[in-house]
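This is what each chain is made of:
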Amino acid sequence: MSVIIFALAAVLIAMACIKADRVRSWRESLNPAAPELPDAAFVAARILLVGMALIGTVKGFQGLGAEDDSKWSDDELKSAVEQATYELDGFLYRIDQSGEPVVHIYEYDTLIESEVTENGGGDAPQDGVAAAAADGNTDADAYFTVSANGADAEFCVHIERVRSKRDDYTPPGQAPSH
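Parameters at a glance
- Residues numbered from 1 in each chain as written.
- Predicted model: local features only at pLDDT ≥ 70, side-chain atom pairs only at ≥ 80, totals over all residues.
- Heavy atoms only, no water.
- Helix = DSSP H or I, 4+ residues; strand = E, 2+ residues; numbered from the N terminus.
- Buried < 20%, exposed > 50% of the residue type's maximum accessible area, 1.4 Å probe, protein only.
- Polar contact = N/O pair within 3.5 Å; in protein donor to acceptor, adjacent residues only side chain to side chain.
- Core = buried A, V, L, I, M, F, W, Y, C linked by side-chain atoms within 4.5 Å.
- Contact = heavy atoms within 4.5 Å.
- Pairing = 2+ DSSP bridges.

(A) Region of interest: the side chain of T117. Secondary-structure assignment places T117 in helix 5 (residues 108–118). Accessibility expressed as a relative area gives 13% for T117, which makes it buried. Among the polar contacts made by the side chain of T117, one reaches the main-chain carbonyl oxygen of E113 at a distance of 2.9 Å.

Spelled out as structure tokens, the structure:
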């Protein structure tokens, strides 16, 4: 759409550059009985055509900006994945009474997607991120391929669950077992 607007602006500028004598001769060849146009009419027409071309150029650049804001670039995605990986490093997960994790590996795709979107930066879109789990993932070790709408690059995110004895909870009154 922006390309069409830019082309139209170029045509309007070209029309504004046509000499008044040439327009008068074209008019006279088409309609010899037409009244003569004053030079002020050509000046007003040129101002109008150049003004419309300027407005079209501004709108074209706004359209390019809107298009850029609706798609991820490779650099935006790379930066967002790196920041999301940094923020998720050390993410604590909890287990319930049966010893099962509260957040399962199949829920990490949503967590990764939201972190990448959150870390996308000022002009990155707030949607369009997908984290696809690799085959053979387990609750303890998983790989995800992160992609985004508009970006050609894809990034691999590895999640490995490690139990930290330091963060284990010991109820009051019981000695920890070693």
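Read on for the rest.
(B) Summary view of the nonpolar core. W72, L77, I112, V116 and V146 are the most contacted members of the largest nonpolar core, which has 19 residues in total. Looking at this core, the elements with two or more residues in it are helix 4 (74–88), helix 5, strand 1 (129–133), strand 2 (141–148) and strand 3 (155–160). With five residues, helix 4 is the single largest residue contributor to this core. Ignoring sequence-local partners within four residues, the contact set of I112 consists of L88, A131, F144, V146, V157 and I159. Core analysis: the second largest hydrophobic core is formed by five residues, L12, A16, L49 and A53 among them.

(C) Local environment of the environment of T85. Within the fold, T85 resides in helix 4. Taking the C-alpha atoms as reference points, T85 and H158, 73 residues apart in sequence, are found 8.9 Å from one another. Here V81 takes part through its backbone oxygen, which lies 2.7 Å from a polar atom of the side chain of T85.

(D) Representation of the pairing of strand 2. Going residue by residue along strand 2, you find A142, F144, V146 and A148 tucked away on one face and D141, Y143, T145 and S147 left uncovered on the opposite face. Taken together, the five bridges between strand 1 and strand 2 define a ladder with antiparallel strand orientation. Within strand 2, the position partnered with A133 by the bridge is F144. Here strand 2 pairs with strand 3 via six bridges, running antiparallel. Across the sheet, F144 pairs through a bridge with V157, a residue of strand 3. The turn linking strand 2 back onto strand 3 is made up of six residues, and G150 within it adopts a positive phi angle of 100°.

These results come straight from atomic positions and should not be treated as a statement about function.
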